[in-house]
Amino acid sequence: MNDEIRRSVAALCARFPGTYWQDLDARRAYPTDFVAALTQAGYLAALIPEIYGGAGLGLGAAAAILEEVHKSGGNGAACHAQLYTMGTLLRHGNTAQKDAYLPAIARGELRLQAFGVTEPDAGSDTSSIATRATRSGDVYIVNGRKLWTSRAGHSDLMLLLARTTPKERVAKRTDGLSVFLVDLRRAQGVTIAPVPTMINHATCEVVFEDVAVPAANLIGEEGKGFCHILDGMNAERILIAAECLGDARWFIAKASQYAKDRVVFGRPIGQNQGVQFPIARAFAATEAAALMVAQAAALFDANGACGPEANMAKLLASEASWAAADTCLQTHGGFGFATAFDVERKFRETRLYQVAPISTNLILAYLAEHVLGLPRSY
Amino acid sequence: MKVLVAVKRVIDYNVKVRVKADGSGVDLANVKMSMNPFDEIAVEQAIRLKEAGVATEIVAVSLGIEQCQETLRTALAMGADRAIHVHHDGELEPLVVAKLLKAIIATEQPGLVIVGKQAIDDDCNQTGQMLAGLLGWPQGTFVSRLKLENGKALATREVDGGLENVELTLPAILTVDLRLNEPRYASLPNIMKARKKPIEKRTPAELGVDPTPRLKTLKVSEPPKRLAGVKVDSVAALVTKLKQEAGVI
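Rules used throughout
Residues numbered from 1 in each chain as written. Chains lettered and ligands numbered in written order. Predicted model: local features only at pLDDT ≥ 70, side-chain atom pairs only at ≥ 80, totals over all residues. Heavy atoms only, no water. Helix = DSSP H or I, 4+ residues; strand = E, 2+ residues; numbered from the N terminus. Contact = heavy atoms within 4.5 Å. Areas by Shrake-Rupley, 256 points an atom, 1.4 Å probe, with all protein chains shown as cover. Lys, Arg positive; Asp, Glu negative; His and termini not counted. Charge placed at Lys NZ, Arg CZ, Asp CG, Glu CD. Salt bridge = Lys/Arg side-chain N within 4 Å of Asp/Glu carboxyl O. Polar contact = N/O pair within 3.5 Å; in protein donor to acceptor, adjacent residues only side chain to side chain. Nonpolar A, V, L, I, M, F, W, Y, C, P; charged D, E, K, R; others polar. Pairing = 2+ DSSP bridges. Axes fitted to C-alpha atoms, helices over the stretch in contact; angles between N-to-C directions. 1 Å grid on protein atoms, 1.4 Å probe; cavity = no way out; pocket = protein on both sides within 12 Å on 5 of 7 lines; lining within 4 Å. Points joined across faces, edges and corners; volume = space filled by probe spheres on them.

### Thoughts on the overall build of chain B
When you go through chain B residue by residue, the secondary structure sums to 6 helices and 11 strands. The principal-axis extent of the C-alpha atoms belonging to chain B is close to 65 × 45 × 40 Å. Counting only contacts in chain B whose residues sit at least 6 apart along the sequence, the fraction spanning at least 24 positions is 70%. Of the roughly 13600 Å² of accessible surface on chain B, a fraction of 52% belongs to carbon and sulfur atoms. Charged side chains in chain B number 34 positive and 31 negative. The centres of these two groups are separated by 2 Å.

### Details of the interface of chain A and chain B
Where interface size is given, it is often the accessible area lost as the parts come together that is meant. At the junction of the two partners, chain A supplies 15 residues and chain B supplies 16 residues. At the junction of chain A and chain B, the tally comes to 1 salt bridge. One salt bridge in this structure joins glutamate 182 of chain B and arginine 15 of chain A, with 3.4 Å as the shortest N-O distance. Here chain A and chain B share 6 residue pairs in polar contact (both at pLDDT 80 or more) between them. Residue contributions to the side of chain A that touches chain B peak at 6 residues, all from helix α1 (residues 2–13) of chain A. Class assignment of the residues belonging to the side of chain A that touches chain B gives a composition of 10 nonpolar, 2 polar and 3 charged.

### Observations concerning the sheet that holds strand β8 (residues 152–159) of chain B
Residue and element names in this part refer to chain B. Spatial ordering of the open sheet is given by β9-β8-β7-β10-β6-β1-β4-β5-β11, a layout of 9 strands whose pairing is mixed. Of all the strands in the sheet, the pair left with one neighbour each is β9 (162–169) and β11 (199–202). Here the average twist between neighbouring strands, direction ignored, is 30°.

### Concerning empty space enclosed by the protein
Within this structure, the stated rule accounts for 3 cavities of 30 Å³ or more. In this model, the largest cavity occupies a volume close to 50 Å³. Considering the residues around the largest cavity, the lining is formed by Arg7 of chain A together with Arg9, Met33, Ser34, Met35, Glu70, Thr71 and Thr74 of chain B. For the second largest cavity, the calculated volume is near 40 Å³. Lining the second largest cavity are Asn75, Ala77, Ile199, Asn200, His201, Glu349, Leu352 and Tyr353 of chain A. Its residues assigned to classes, the lining of the second largest cavity shows 4 nonpolar, 3 polar and 1 charged.

What is shown is where atoms sit, not what they do.
Rendered as structure tokens:
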């Protein structure tokens, strides 16, 4: 099944070659045609249950889709969140909310691929967010500022984390946060401003000024928002790890091919151990990371707790892809810097994953504290 | 009208083929396998005929080892309605394939058979023609354009020196060429649906065909490495070399 998915996604991606992504990268433009193709072929509805019109597949299938996109030289970041952002709605939304939104999301008519959590002064420290939602009759009035909200300009709906009870009035600092579904098409007082970055990634600053969000759009229980978004974050980490694997495999294939073809001093450069060993090492790291990604996805699909595995998958895969990227660039020498080779673009793109959706240090702190029982370091 | 398409499982076109060390054949271990690209074009054409309301049912057939069912699943995910797998573990030569297809056609009674012009592994380019011969049906080979009307197939063939238009009375055999269409990729819902479509299993014995190869492969070897050329400094030197060394003029 996943093999069949991989084959078809690869065939789809073959219609969007390196030149397509190079052109977008130069213009910092959104891959509208690619996203439309993936949407129309139903791949972004992989995780939505069949009763809502999706494919009802597990995270392993979604991981296969995104890995294949990245392995083909493309980038899934423009639409990968359409796969998993709905998970919070699916697992914690009420029947009316699910019936209202999931079928249209499955059909690709409604985009839910923006998730406002991070703020200028609160990134990893999620409980310190300053965006407030205050109940007033049938609505919550939202005020605050979100940063690095990817795809906010290319999404109809946005999942928003806001504080509904001040931090000083809750027992645990993660209490008092709530999740809302904000309809960006209708909301008054929302300002979305793209942030230009090192890579072509539609990330934005989103400002909320007295935005009235219907109380009916509260997802799950008020004050329990942090718990509601946690399982979604595990899914995100596993899928981003799958994208890293795809990147790593693309870099390794590209580096190996170039090392075989490029002849210097009368022999292929890949005949030199100084060239071939880093590629072999990156390959070994990638295969090891792939096992962890598969393990994390299997645990997620079995409804098991997968926090450590999801985090380790992201850590190992992002480091493997970065090692592969660096090796690929070095193997190509000067040509690696030429945009036509796609290496420099993928190199910049894959660097992101040691920072987002969670930084490497935070994963290490999590493993040290929650798995190894070491004292909390932050 | 029922359309029958034959699909072959071959080494993926992106894979660099390696010959086994003992020269007994091509190394297939851990090599990516895919549907023969020309057969994908055949499946695509059948689907387009169905979408145009000309075809009513598409039956995909593959012959060979168990894993041919993966190739059939691809055809089903693209849009074929059902599939037949003729299971055989050994080598199948074009004449045997043609005889097996003939036996299936006898029960299926399709109005049109579409196959790829050749498989990219052995490049035989024989099955379609042999099948037409065995059945006594008209054939249109290397088809790059196709129109069906009034029980006839109007096919444009890519031949040396240009294009040839032929009119065939159905039922007929078509072998299709690269420029006929661009095959679609399967959508996720169609991959899911394909899992529920039936694959009927048959054997050469049931179909009354002896699959024993008539040819014996003596040795498979890689083509010789291309040697570096030489530069000549004048036309006269070139002519001398062509005359004396190459012996071509």
